[in-house]
2 protein chains.
Amino acid sequence: MTQAVSVRTAADSLIAALPDGVVLTAAESIERYRHDEAEWAPSGRPLAVVRPATADQVATVVRWCIEHDVPLVPRGAGTGLSGGANAIEGCVVVSLERMTTIVRIDPVERLAVVQPGVVNDHLRAAVAEQGLWYPPDPASSPWSTIGGNVATNAGGVCCVKYGVTGDYVLALEVVTGSGDVVRLGTPTAKGVAGYDLAGLLTGSEGTLGVVTEVTVRLRPARAPEHTVVGFFGSLVAAGEAVAAVARSGVVPSALELLDRYCLDAVNEWKQLGIEADCEAILLARVDAPGDAGVQEAARVQGCFEQAGASYAARSDDEAESDAMFAARRLAYPALERLGPVLTEDVCVPVTQVPHMLARIQAIGAEHDVLVANIAHAADGNLHPLLVTPPGDEAARSRAQAAFAEIITAALDCGGTVTGEHGVGLLKRDGLAAEISPAVADLHRAVRRALDPHGILNPGKVIA
Amino acid sequence: MTQAVSVRTAADSLIAALPDGVVLTAAESIERYRHDEAEWAPSGRPLAVVRPATADQVATVVRWCIEHDVPLVPRGAGTGLSGGANAIEGCVVVSLERMTTIVRIDPVERLAVVQPGVVNDHLRAAVAEQGLWYPPDPASSPWSTIGGNVATNAGGVCCVKYGVTGDYVLALEVVTGSGDVVRLGTPTAKGVAGYDLAGLLTGSEGTLGVVTEVTVRLRPARAPEHTVVGFFGSLVAAGEAVAAVARSGVVPSALELLDRYCLDAVNEWKQLGIEADCEAILLARVDAPGDAGVQEAARVQGCFEQAGASYAARSDDEAESDAMFAARRLAYPALERLGPVLTEDVCVPVTQVPHMLARIQAIGAEHDVLVANIAHAADGNLHPLLVTPPGDEAARSRAQAAFAEIITAALDCGGTVTGEHGVGLLKRDGLAAEISPAVADLHRAVRRALDPHGILNPGKVIA
């Protein structure tokens, strides 16, 4: 009781240390900041939610948390799928949602400087106006923020050819675990002055610092893409086509897999009019300029046909191919309408994709769990989605067993437990299974080094 | 005296702990391992040189160094230019030169697994046989090793379009500062399981662990390149052409600058027959496939002409263009023949290249130092080479003053003190000037975390 009162008093001092309206403590306000999209992960009740406008305000919160030994949970848009942004009981949630300024776009140096709350699609649109391209395109791009993308090292559809968020981070402004505002990395094209701390912070899920500004590398706008669609009679056949594309030497700019469950769920919800009488479709894009692109498209189509596609064609109808990629993007929310979804994110060697898809189906059948599949297939990054009927606790428990078994299967074939969603809370056991105890010790040592007071998102990534 | 005897006894125990011939202690043998190519940096006399054949042997050395509190200096081919591999008085040098096996090349997963002593060009040739390409191409590629490239996060000619060594490191086997053999990273196309420790080790110059195996990402072989050559009446005009290429939106696969001093030195040495009556040449390559490549070449040529080139042309003569790039590669050793060379490696925003080249010329004139220039120009990565007559101490001292002033000038225009050579010993002051005290503290904290016994290349990067 004494503790509770002392913290209450302390929250008053936090409110007093920041401008009016920056700190929220009303129950109904803070309830909205309890968790991200990983609804199966536990979350606590925050003591307060802070919505800072500047790095200095973030530093004030960090110092307050150190002084009062209160955990701090940074948060972007809350679209994460591993519970990395879930509140810890009695924590302060720092939501970067107000820091939405695109500070600078430089078309000659090909970089942009943005605050962490800038939405991915907003940045992409702003740079496109200047003939530039910011490639990282997670499915959450209409909502997720650059800060959250950096915290999770987010991937997306085009990363098979163009890399993930970390490949575009040049420099960061960060509030450290000691409450200092520092700049890491360099905005120059190259730079090896000291350790790659900007790279270390990227993907660290708010456990090593709070990102308050991001300098990203940009590319020139690219040539128009060609789309190739393939329909397959089984998941495994689609997986064989993916491996065939890898063998062909073509690096597609996208190669996405959707199974029948996903297509049906999207069609029921949005009536996109995609008719696919098949078990799985592959959506490929290639973007080599000129004739080379046409040749690449033909080779991908050939791979689909050789793997036994019931239908494979280059789509020259932009509206049709955009609708298919929209279906890919909508698959997750469409399935969520059917019941709680437990999202997997394993990533395996691309030659293991057919085997792994077969294992996932077998595991689903064995545990009597509906498993829908979407995948960044050419990366080997699979997203089996375990859907359970609302309120069915027995089904949830079976889904959790299947989830653990899929992780084991991925590790068995040389994969990793998380390709792009991060460890958060849901993959802590998986991470522990993936890395050796000595590597876990290195993680703890790095964490103590950068979060000496133990206040930055404690309990996430590593228990 | 007691200390010296006790260490001598200890070296005997090191010899005993490893197979015959692995440890060298004869004065004439170890003299060869005292320093890298940064001849201006100080070096001590190693107690012993170890040439291990396995990661376990490296671990044995690390544990021995911990037990005896002896510094360990890891070393590749010794082509470094910052003194990172220079011996420390009484240290053990660990030369990875015997670990030269290419363990695996996987053309479908597009990766290779190599031991650290594999020479860069050997790897490039081996993967080329399978239609693959390992892009990082430092000028030292005929001699430098992948382990050394990882330790320095080496760049090269094509990184303006294809990135640096770190962009190709998927996973590492590392002997930690505690003597554990660990695996960091994942061989899958994507992976965010835990902190990016493989990325942190890359470029850490042997201060955070000893790399014993490297898994690198590969690309499919690319389309043939087109070469465009431009001759310019001044360094600054060449710099303006570089900025013009950046503005054009073309991303060249190479854009190298050589000034008259470099051309003359190479011509005198190798008689390559390159006649260039000008102050600087630019060598550009573009590699978009098909017609797109021809168009890119034309745009680069247009940029050269607009910037006032006295001659600009696409070279369709492969022998001629290869000779020019060979000259670029030979510039450094050619200048070394003239006297001790102090090599700069600043990297500035590409729009600052003309300004920075002018500043470098002015600083050279002011200090009466011959400054030759080569540059990965499109990255803004400049290599002013300060050449002094052999034995002229006054000239050395003037060169050192010019070196410091060039660093200050680079920082003043938003650059970094090292684009690709690393901090080693020569850039420690520069690094301290570049990063804030709080960031220096983060470096020290990370170092203590990963090198808890303080034995890994102490005194390098950060004093």
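The rules behind each value
Residues numbered from 1 in each chain as written. Chains lettered and ligands numbered in written order. Predicted model: local features only at pLDDT ≥ 70, side-chain atom pairs only at ≥ 80, totals over all residues. Heavy atoms only, no water. Salt bridge = Lys/Arg side-chain N within 4 Å of Asp/Glu carboxyl O. Helix = DSSP H or I, 4+ residues; strand = E, 2+ residues; numbered from the N terminus. Buried < 20%, exposed > 50% of the residue type's maximum accessible area, 1.4 Å probe, protein only. Core = buried A, V, L, I, M, F, W, Y, C linked by side-chain atoms within 4.5 Å. Contact = heavy atoms within 4.5 Å. Domains from an automatic or database assignment. Buried area = accessible area lost by both parts, 1.4 Å probe. Polar contact = N/O pair within 3.5 Å; in protein donor to acceptor, adjacent residues only side chain to side chain. Nonpolar A, V, L, I, M, F, W, Y, C, P; charged D, E, K, R; others polar. Pairing = 2+ DSSP bridges. Axes fitted to C-alpha atoms, helices over the stretch in contact; angles between N-to-C directions. Least-squares fit on C-alpha atoms with pLDDT ≥ 70 in both. UniProt positions renumbered as here; feature names shortened; annotations may be inferred. Phe/Tyr/Trp six-rings, centres within 6.5 Å; stacked < 30°, edge-to-face > 60°. Lys NZ or Arg CZ within 6 Å of the ring centre and 35° of its normal. Disulfide = S-S within 2.5 Å.

1. Some thoughts on the pattern of salt bridges
Right, so step 1: Going through the model one piece at a time under the given rule, you end up with 35 salt bridges over all chains.
Right, so step 2: With its nearest N and O atoms 2.7 Å apart, the salt bridge here joins Arg183(B) to Glu213(B). Note that Arg183(B) is positioned in strand E9 (residues 181–185) and Glu213(B) in strand E10 (residues 210–217), a separation of 30 residues in sequence.
Right, so step 3: Judged by relative accessible area, which is 48%, Arg183(B) ranks as partly exposed.
Right, so step 4: A relative accessible area of 15% means that Glu213(B) is categorised as buried.
Right, so step 5: Salt bridges sharing partners connect three or more residues here, namely Lys161(A), Arg222(A), Glu225(A), Arg285(A), Asp287(A) and Asp322(A).

2. Quick word on the nonpolar core
Right, so step 1: Counting residues in each nonpolar core, the largest one holds 192 residues, and the members touching the most others are Phe304(A), Met356(A), Phe304(B) and Met356(B).
Right, so step 2: Setting aside its immediate chain neighbours within four residues, Met356(B) contacts Val346(B), Val348(B), Leu382(B), Ile406(B), Ala409(B), Ala410(B) and Cys413(B).

3. Let's talk about the domain arrangement of chain A
Residue and element names in this part refer to chain A.
Right, so step 1: We note that the domain assignment places domain 1 (2–95), domain 2 (102–220) and domain 3 (223–331) within chain A.
Right, so step 2: Computed from C-alpha atoms alone, the centre-to-centre distance between domain 2 and domain 3 is 29 Å.
Right, so step 3: Between domain 2 and domain 3, the contact holds 10 residues from the first and 10 residues from the second.
Right, so step 4: Around 790 Å² of area is buried between domain 2 and domain 3 when both sides are counted, 53% of it from carbon and sulfur atoms.
Right, so step 5: For the pair domain 2 and domain 3, the interface holds one salt bridge.
Right, so step 6: Linking domain 2 with domain 3 are four residue pairs in polar contact (both at pLDDT 80 or more).
Right, so step 7: The class makeup of the residues in the side of domain 2 that touches domain 3 is seven nonpolar, one polar and two charged.

4. Here's the deal with the interface of chain A and chain B
Right, so step 1: In this assembly, 74 residues from chain A lie in contact with 75 residues from chain B.
Right, so step 2: At the boundary of chain A with chain B, total buried surface from both sides reaches about 5200 Å², with 68% on carbon and sulfur atoms.
Right, so step 3: On the chain A side of the interface with chain B, the three residues burying the most area are Lys190(A), Val192(A) and Tyr195(A), jointly 18% of the side's total.
Right, so step 4: Here chain A is connected to chain B by four salt bridges.
Right, so step 5: Here Glu420(B) makes a salt bridge to Lys190(A), at a shortest N to O gap of 2.7 Å.
Right, so step 6: Seen at the junction of chain A and chain B, the total is 18 residue pairs in polar contact (both at pLDDT 80 or more).
Right, so step 7: Of the residues forming the side of chain A that touches chain B, the biggest block, nine residues, is contributed by helix H15 (residues 437–450) of chain A.
Right, so step 8: For the side of chain A that touches chain B, a count of residues per class yields 35 nonpolar, 27 polar and 12 charged.

5. Regarding the sheet that holds strand E12 (residues 226–232) of chain A
Residues and elements named next belong to chain A.
Right, so step 1: Strand order in this open sheet of seven strands is E15-E12-E14-E13-E17-E18-E16, and the pairing throughout is antiparallel. A strand with exactly one partner marks an edge of an open sheet, and here the two such strands are strand E15 (311–315) and strand E16 (341–343). Direction aside, neighbouring strands of the sheet carry axes that sit 15° apart on average.
Right, so step 2: In this sheet, strand E14 (residues 280–286) lies alongside E12 in antiparallel orientation, the contact comprising seven bridges. What sits directly across from Phe 231, in E14, is Ile 281.
Right, so step 3: Lying on the sheet, helix H13 (residues 393–412) is in contact with E16 and strand E18 (381–387); it crosses E18 at an angle near 165°.

6. Side note on the relation of the copies chain A and chain B
Right, so step 1: Rotating chain A by 180° and moving it 0.0 Å along the rotation axis overlays it on chain B with an RMSD of 0.0 Å. The transformation just described matches what one would write down for a two-fold rotation axis.
Right, so step 2: Take the interface residues of chain A: 100% of them recur as interface residues in chain B, which is what a same-surface contact looks like.

7. Regarding the UniProt feature "domain: FAD-binding PCMH-type" (unreviewed entry) in chain A
Right, so step 1: Mapped onto this numbering, the UniProt entry annotates "domain: FAD-binding PCMH-type" (unreviewed entry) at residues 42–221 of chain A.
Right, so step 2: As a span, residues 42–221 of chain A carries 22% helix and 24% strand, and end to end its C-alpha atoms are 42 Å apart.

8. Side note on the pairing of strand E13 (residues 254–259) of chain A
Two faces make up the sheet, and in a regular strand the side chains alternate between them.
All names here are of chain A.
Right, so step 1: Counting buried positions over the six residues of E13 gives six, a clear majority of the element.
Right, so step 2: Of the two faces of E13, the one carrying Ala 254, Glu 256 and Leu 258 and the one carrying Leu 255, Leu 257 and Asp 259 are both buried.
Right, so step 3: With six bridges joining them, E13 and E14 adopt antiparallel strand pairing. Pairing of Asp 259 across the sheet is with Ala 280, part of E14.
Right, so step 4: By the bridge criterion, three bridges tie E13 to strand E17 (residues 370–376) in an arrangement that is antiparallel. Opposite Glu 256, over in E17, you have His 376 as the bridge partner.

9. A few points about the sheet that holds strand E12 (residues 226–232) of chain B
All names here are of chain B.
Right, so step 1: Spatially, E15-E12-E14-E13-E17-E18-E16 is the arrangement adopted by the seven strands of the open sheet, whose pairing is antiparallel. Two strands in the sheet have a free side with no partner beyond their single neighbour: strand E15 (311–315) and strand E16 (341–343). Adjacent strand axes in the sheet meet at a mean angle of 15°, parallel and antiparallel pairs treated alike.
Right, so step 2: When E12 meets E15, the two strands line up antiparallel, connected through five bridges. Across the sheet, the residue bridging to Val 229 is Ala 313, located in E15.

10. Some thoughts on the packing of aromatic side chains
One pair of aromatic rings is described through two measures. These are the centre distance and the angle between the planes.
Right, so step 1: Scanning the entire structure with this criterion turns up eight aromatic pairs over all chains.
Right, so step 2: Seen from their ring centres, Trp133(A) and Tyr162(A) are 4.7 Å apart, and the 80° between their planes marks the pair as edge-to-face. One end of the pair, Trp133(A), is in strand E7 (residues 132–133); the other, Tyr162(A), is in helix H6 (residues 159–162), with 29 residues separating them in the sequence. Tyr162(A) shares its class with Trp133(A); the two are buried.
Right, so step 3: The ring of Tyr261(B) carries Arg260(B) above its face, with NZ or CZ at 4.9 Å from the centroid.

11. Side note on the state of the cysteines
Residues and elements named next belong to chain A.
Right, so step 1: Under the definition given, this model contains zero disulfides over all chains.
Right, so step 2: The closest cysteine sulfur to the non-disulfide-bonded Cys 413 is located on Cys 347, 10 Å from its own sulfur.
Right, so step 3: Assessed through its relative accessible area of 13%, Cys 413 is described here as buried.

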